[in-house]
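This is what each chain is made of:
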Amino acid sequence: MVTRRDPLVQHALAVLIRNDTGLFVKPGPRVYPFQWNWDSALVALGLATVDPARGRQEVRALLSGQWVDGMVPHIVFHPQPVEYSPGPELWASADCAGAPEVATSGITQPPVLASAVRALHEASPERGFLEDVVPALEAWHDWLHQERSLDGSGLVAILHPWESADNSPRFDRALDRVELDGDARFARTDRRHVVAAERPTDRDYARYLAIVERLRRIEYRPRSLGEAPFAYVDLSFNAVLAAAEDDLAWLWSQLSQDGARARAGSVRLRDALAGRWDDDASAYRELDLHDGEAGTSGTIGDLMPLYAGVPGERLARRLFDEALWSPARFGPSPDVPWAVTTVSKASATFDARRYWRGPVWVNMNWFLVRGLQRAGLAAEAEELRRMTLRLVTASGFSEYYQPSTGEPLGSRDFSWSAALTLDLVLGSR
Ligand code: 2M8
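Just so we're clear, the structure is a prediction, and the values are computed from it rather than from any experiment.

Attention shifts here to the site of the ligand. As a structural note, the neighbourhood of the ligand is formed by 16 residues, with Trp36, Asp39, His74, Gln109 and Tyr355 the closest of them. Measuring from an oxygen atom of the ligand, one finds a side-chain N or O atom of tryptophan 38 at 3.0 Å. At 2.9 Å, a side-chain N or O of glutamine 109 approaches an oxygen atom of the ligand. Here the ligand, which alone exposes 410 Å², has 98% of that area covered by the protein.

Another aspect to go through is unusual backbone geometry. Outside of glycine, negative phi angles account for most residues, and trans bonds account for most peptide bonds. Across the junction of serine 85 and proline 86, the peptide omega takes the value 0°, indicating a cis bond. As for its position among the elements, proline 86 is in the loop between β2 (75–76) and α4 (88–91). Of note, glutamate 219 is a non-glycine position whose phi angle comes to about 50°, a positive value. At tryptophan 356, a residue that is not glycine, the phi angle is positive and equals roughly 65°. The topology assignment puts tryptophan 356 in the loop between α11 (313–324) and α12 (362–374).

We now examine the nonpolar core. Core analysis: the biggest nonpolar cluster contains 148 residues, and Val59, Trp162, Leu303, Leu324, Val340, Phe367 and Leu368 have the highest contact counts within it. Filtering out sequence-adjacent residues up to four positions away, leucine 324 remains in contact with Leu303, Leu306, Leu319, Phe330, Gly331, Val340 and Leu368.

Across the 11 residues that make up helix α5 (residues 113–123), a large majority, 9, are buried. The set of residues buried in α5 consists of Leu113, Ala114, Ser115, Ala116, Val117, Arg118, Ala119, Leu120 and His121. The secondary structure elements touched by the buried residues of α5 are α2 (37–47), α3 (52–63), α6 (127–148) and α9 (235–254).

Let us now look at the side chain of aspartate 247. In this structure, aspartate 247 sits in helix α9. Polar side-chain contacts of aspartate 247 include one of 2.7 Å to the side chain of serine 115.

The next thing to look at is the packing of aromatic side chains. Taken as a whole and judged by the stated rule, the model has 30 aromatic pairs. A centroid spacing of 5.7 Å and a plane angle of 55° characterise the contact between tyrosine 355 and tyrosine 400, whose relative ring orientation is tilted. In this pair, tyrosine 355 is assigned in the loop between α11 and α12 and tyrosine 400 in strand β8 (residues 400–401), connecting sequence segments 45 residues apart. Exposure class is identical for tyrosine 355 and tyrosine 400. Each is buried. Seen in terms of ring centroids, phenylalanine 414 and tryptophan 416 are 5.3 Å apart; in terms of plane orientation they differ by 80°. Their pairing is edge-to-face. Assigned by exposure class, phenylalanine 414 and tryptophan 416 land together as buried.

Our focus in this paragraph is the side chain of arginine 285. Counting through the fold element by element, arginine 285 comes out in the loop between β5 (283–284) and β6 (287–288). A polar atom in the side chain of arginine 285 sits 3.2 Å from the backbone oxygen of glycine 275. Dropping the residues within four chain positions of it, arginine 285 is found in contact with Leu235, Gly275, Arg276, Trp277, Asp278, Glu293, Ala294, Gly295 and Thr296.

Turning to the sheet that holds strand β3 (residues 232–233), a few remarks are in order. The 3 strands lie next to each other as β3-β6-β7, forming an open sheet whose pairing is antiparallel. The open sheet terminates on both sides in strands that have one partner only, identified here as β3 and β7 (292–293). Relative to β7, β6 runs antiparallel, the two sharing 2 bridges. Within β7, the position partnered with leucine 287 by the bridge is glutamate 293.

Turning our attention to the environment of leucine 241. By the secondary structure assignment, leucine 241 is in helix α9. Distance from leucine 241 to leucine 113, taken between C-alpha atoms, is 9.5 Å for residues 128 residues apart in sequence. When residues no more than four places from it in sequence are discounted, the contact partners of leucine 241 are Pro111, His141, Leu144, His145, Val156 and Leu269.

What counts and what doesn't
Just so you know, the residues in each chain are numbered from 1, in the order the chain's sequence is written. Restriction of local features to residues with pLDDT of at least 70 applies here, the model being predicted, together with a cutoff of 80 or more for giving and counting side-chain atom pairs; totals for whole chains, interfaces and linings are based on all residues. Computation of side-chain values covers all heavy atoms of the structure but excludes hydrogens and water. Being near a molecule or strand, for a residue, comes down to having at least one heavy atom within 4 Å of it. Polar contacts, as used here, are pairs of N or O atoms within 3.5 Å; protein pairs need one atom able to donate a hydrogen and one able to accept it. Residues neighboring in sequence count only if both atoms are side-chain atoms. Residue burial considers only the protein chains on display, and all accessible areas are found by Shrake-Rupley using a 1.4 Å probe. Runs of H or I in DSSP of at least four residues are treated as helices and runs of E of at least two as strands, each being numbered from the N terminus. Grouping buried Ala, Val, Leu, Ile, Met, Phe, Trp, Tyr and Cys residues that are joined through side-chain atoms within 4.5 Å yields what is termed a nonpolar core. Relative accessibility decides the category of a residue: with a 1.4 Å probe and only protein chains considered, values under 20% of the type maximum give buried, values over 50% give exposed, and everything between is partly exposed. We call two residues in contact whenever any of their non-hydrogen atoms come within 4.5 Å of each other. Two rings from Phe, Tyr or Trp (for Trp, the six-membered ring) form a pair when their centres sit within 6.5 Å of each other. Planes less than 30 degrees apart are called stacked, planes more than 60 degrees apart edge-to-face, and all others tilted. The criterion for strand pairing is that DSSP finds at least two bridges linking the strands in question.

Written as structure tokens, this is what we have:
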């Protein structure tokens, strides 16, 4: 049995302690100095295995940035003595109705938080904590369905690549349509810490900022999805939401309440995700709202409904054999032994070094391990879990990894890589 004294566990804990500002855990020591939404949720989830009290603090710090309408923002800019650009001035949240006192961004991120709160409660139940945070989670999920719903199908749209795996090639076509207002000038602090070849290009950044500019003029709340310059049905976001709705319904049950909206939300969303299965591709299809029906994107997003338990065992096995673990697509092959690549090796956009465009990420592997377990593919889940642990043992807790060599890329000492290792080693699910 692995215990807290295991060297990998000790190393992971040391990374989280070093990135702890006292109020929240930074995603990485230098590139990301503020509180990011799904980073903190995954950190809290990992901390459930070793320090649930610290995990609860992480959740409370993130929820201090919640907007009056329920949105939990993608970044909470708790004041920090650092230079970071584009920072709070880009978002100007103080000028928006319903923004909290602390500066935040105006968009959100995949809602992992309810799943983290469930993990914390299972590890160490504390009713008072649930009474405080469950209504806040309910308000956030409800906001997603009100503001971002696609024709009441249960699916929700993201309005910015920063709401998911931002630099993924699945967003390229939608980003190409974003018009720039003349010569965009902007400062980027990210490339002081990470080499340019591992980060988004300036061309992408100009478009990220143009979307923010346009959304800011309408206080980040378009009257319809059609009014937004970018609107995309990201399967990762929706799969995370489906799983989180289940966990939220479970949390309500712990408070002896019904959680009917969350339960119904999860059923609708799962049905809608199931309807996006593409039998020829053995994967799911994403949807660019400004472009109509798109096929599979050739990225790991096409596999993510697995995390939410959408495919049954038979379909999950096909997805595993023909996509996730296929040597020609996302799985290990003689030249590219590390999996799961974030882009299919068969795709022309595959890039082994650039952020979200090919490298292996620990959070994606974690989602897929849990999904394989949910589908009853225990041996396959174990294979991926062990590969992920071999990778972090060999290369440390990096933000992402070169899939041919395992070389660490992006930020070193990355918090969610450390936190999810704790869950993969010590967690029960
Ligand atoms: C990345 O996003 C930030 C902007 O929000 C960036 O590129 O600088 C993404 O990987 C995002 O998913 C993640 O939450 C964030 C912090 O780790 O970094």
